[in-house]
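Close look at the chain arrangement
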Amino acid sequence: MPYPGSGDRRLRSPRDLGAEMIGDMVCIQVDNLTKRYGKLLAVDHISFKVEQGELFGFLGPNGAGKTTTVRMLTGIIRADEGSASILGHKASSLGAKQMSGVLPEMANAYTDLSGWNNLMLVAQLYGVPTKEARERGAGLLQKMGLEPRKDDLVKGYSKGMKQRLILCMALISDPQILFLDEPTSGLDVQSARLIKGLLQDLNARGKTIFLTTHDMDEANQLCHRVAIINQGRIVAIDAPDKIRLATGGVHSVEISFNGEASMEALAKLSGVNSVKKLGDKYRLYTADPGDLVALVVQFSGLNHLKIVSLNILAPTLEDAFVALTEKERK
Amino acid sequence: MPSGATVLQQARRCLIIASKDIRIYYSKGPVVIFGVLFPVFLFLSFTIGRHLEIDFMIPGLIGMVLFFTATAISPIVVPWETQARTLERLMSCPVTIETIILGDILASFAFGLGISLVPIVIGLALGISISSPLVLAAAVILAAFGFAALGNVFSIPPTNLPATVNMIASVVKFPVVFISGIFIPLDELPAWGRAISYVSPLTYFTDIARRCIQGQGYLPVAVDLLALLAFAVLLLAVAVTFHRRTMPRRI
């Protein structure tokens, strides 16, 4: 079943997927985690839990503390205060790293090695037996569409291919938990869809995924719960729908005509709070979209305009995100 | 305190990191230039036209080549990985910072060991004889490890530019060559020159090489070997201690 509003029939709702697999066991436990860079408080005493089998989104504007948090959870940097554990192991310990697969932000594979050799290198570093590594590696490369180029040096790969390879490297040890820092950032549509589809499959098979992203649609499509971090502090943490509704955003009616319409006239329609022109479309913000649709149809008839498209838009996670982060800024 | 199984596991992963470094970095331009070509041409520029005995030249040449080759790879790996954005991926694997550093040192050590065989073979072909091959072999191994650790110390400042590290390394390496008995044997140095030479690990290797090939050294063999061991341990400890602090700052 397609997730409402996704427009992508291959992507399924996180509510349909894996929800039954979320157990009571805590996979990630974060208590008062804090990181300072000089006078800057990059992460400010944050606490949260991620259940096993959950696909957890971690959202925030640039510089909010997302990557710093992921780096503390994956043992790259040490926290100044507080603690974090992964399946009961201290976050920076070898035990925690052994159970985690990591796709760091802006990471690269070794460009002087082939895709296959990169994969086998990581398998060796995780102590995966050779036969198992070869079988799993071949399967992952096949799934990610890299099999035909597996023996080519990575320096000849496109950005999307490199990112898919790094995801394969994160998965070669069959980890119980995945940390993905902006895995689809800057990728072409095909690569992004491939990665998102794989994440859903992995989560459906019970993997816990900690996903950092800027992309609100991606978070909305994939995540069971999201946390929004701003200026180092968590400002909201809940299911995407609950966050959307809790912030009380307004609905809008998006419409396009076969000709130009007067913005002033549209703004004067009853119940319209404001009007925006977005390309060839007009977006009318309102608290009562049902009544406004009838008025817009009437407006088009009176002005001899034909309606080309008309959509009612609910407040999005992006609206909630902007509202929450703006509120914090003020 | 890590368990025996953990130590063994990390030792295996250290060798995997060393093998990765060997595959990637041995053919890099700075390694070939600073590690192989540079010492050979430097040596030739000081020896050609001076009618020196082959027994005198070969210990110096072995010392120069071992010093430059063993310090060629270990300084550039960490900055190179920072620049290429592969370091964070490596650090997120179940390996400690100590394992990463030791792996880089081992790759440099193996490079020094392998290339230093070239002047030894050339020397043997030209008719030199080695009075104590086992002592020379022990000295080559200890010195190569110590020099590789020294190279790693050069990369402690958290820069992502291999050229910056090579500059820092050159500032140290060239003076060390001149005070280590390569061109002037220890017994011909003035007392103050000899005092300075004792701070260089290369001094002890050159002295032992002269004893094994030329038949005359200045210090007792045991002192040379112990000094090389002490430098290797000290430099490894410095490299690990400081990289533990600076490596997370590279990310």
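Residues numbered from 1 in each chain as written. Chains lettered and ligands numbered in written order. Predicted model: local features only at pLDDT ≥ 70, side-chain atom pairs only at ≥ 80, totals over all residues.

**Overview of the domain arrangement of chain A**
Our working definition: The split into domains, and so the bounds of each, comes from an automatic or database assignment of domains.
Looking at chain A, the domain boundaries give domain 1 (19-239) and domain 2 (251-314). Domain 1 of chain A and domain 2 of chain A are separated by 42 Å when their C-alpha centres are compared.

**With respect to the packing of helix H6 (residues 97-125) of chain B against helix H7 (residues 133-154) of chain B**
Residues and elements named next belong to chain B. Counted only if it meets this: For helices, the axis comes from a line fit to the C-alpha atoms of the stretch in contact; other axes are also lines fit to C-alpha atoms, and the angle between any two N-to-C directions lies between 0 and 180 degrees. Numbering of helices and strands starts at the N terminus; helices are DSSP runs of H or I of at least 4 residues and strands are runs of E of at least 2. In this scheme, roughly parallel covers angles under 35 degrees and roughly antiparallel covers those over 145, while 65 to 115 is roughly perpendicular and the rest are oblique. By definition, turning the near helix anticlockwise from the far helix through less than a right angle yields a left-handed crossing, and turning it clockwise yields a right-handed one. What counts as a contact here is a pair of residues whose C-beta atoms, placed from the backbone, lie within 7 Å.
Orientation of H6 relative to H7, taken along the N-to-C sense of each, is 130 degrees, at an axis distance of 8 Å. By the criterion of interaxial angle, the relationship of H6 to H7 is oblique. In the packing of H6 onto H7, the handedness of the crossing is right-handed. Note on element contacts: H7 touches H6 through Val-140, Ala-144, Phe-145, Phe-147, Ala-148, Ala-149, Gly-151 and Asn-152, opposite Ile-101, Asp-104, Ile-105, Ser-108, Phe-109, Gly-112, Leu-113 and Ser-116.

**Brief notes about helix H4 (residues 74-83) of chain B**
Rules: Once C-beta atoms are placed from the backbone, each residue is buried if 20 or more other C-beta atoms lie within 10 Å of its own, exposed if 12 or fewer, and partly exposed for counts between those two.
Among the ten residues that make up H4(B), nine are buried, leaving the element largely enclosed by the rest of the structure. Downstream of H4(B) by a residue or two, B:Arg85 has a phi angle that is positive, lying close to 60 degrees.

**Regarding helix H4 (residues 130-143) of chain A**
At 3.6 residues per turn, the α-helix brings residues three or four places apart onto the same side. All names here are of chain A. Defined as follows: Given a helix with a known number of residues, its expected span is that number minus one, times 1.5 Å. Arc definition: directions from the helix axis to the C-beta atoms.
With 14 residues, H4 extends 20 Å from end C-alpha to end C-alpha; this agrees with the ideal 20 Å at 1.5 Å per step. Looking at H4, one finds that the buried residues are Gly-137, Leu-140 and Leu-141. In a view along the axis of H4, the buried residues occupy a sector of 95 degrees, so they form one face of it. Along H4, exposed side chains directed more than 90 degrees from the buried face belong to Lys-131, Glu-135 and Gln-142.

**Section: the sheet that holds strand E13 (residues 281-286) of chain A**
Strand pairs in the sheet, formed through backbone hydrogen bonds, run parallel or antiparallel to each other. Residues and elements named next belong to chain A. Counted only if it meets this: Strand pairing is assigned whenever DSSP identifies at least 2 bridges connecting the two strands.
Taken in spatial order, the four strands line up as E12-E13-E11-E14 in an open sheet, and their pairing is antiparallel. For this open sheet the edge positions go to strand E12 (272-278) and strand E14 (307-313), each flanked by a neighbour on one side alone. This sheet shows a mean twist of 20 degrees between the axes of neighbouring strands, independent of strand direction. Those strands touched by helix H10 (residues 289-302) are strand E11 (251-257), E12, E13 and E14, and its axis lies near 20 degrees from that of E11.

**Section: the sheet that holds strand E10 (residues 233-238) of chain A**
Residue and element names in this part refer to chain A. The strand order E6-E7-E8-E3-E9-E10 describes an open sheet built from six strands, whose pairing is mixed. Whereas interior strands pair on both sides, the edge strands pair on one side only; in this sheet they are strand E6 (100-103) and E10. Between one strand axis and the next, the sheet turns through 15 degrees on average, direction left out of account. Across four bridges, the pairing between E6 and strand E7 (residues 177-181) is parallel. In the sheet register, Gly-101 faces E7, and the bridge partner there is Leu-178.

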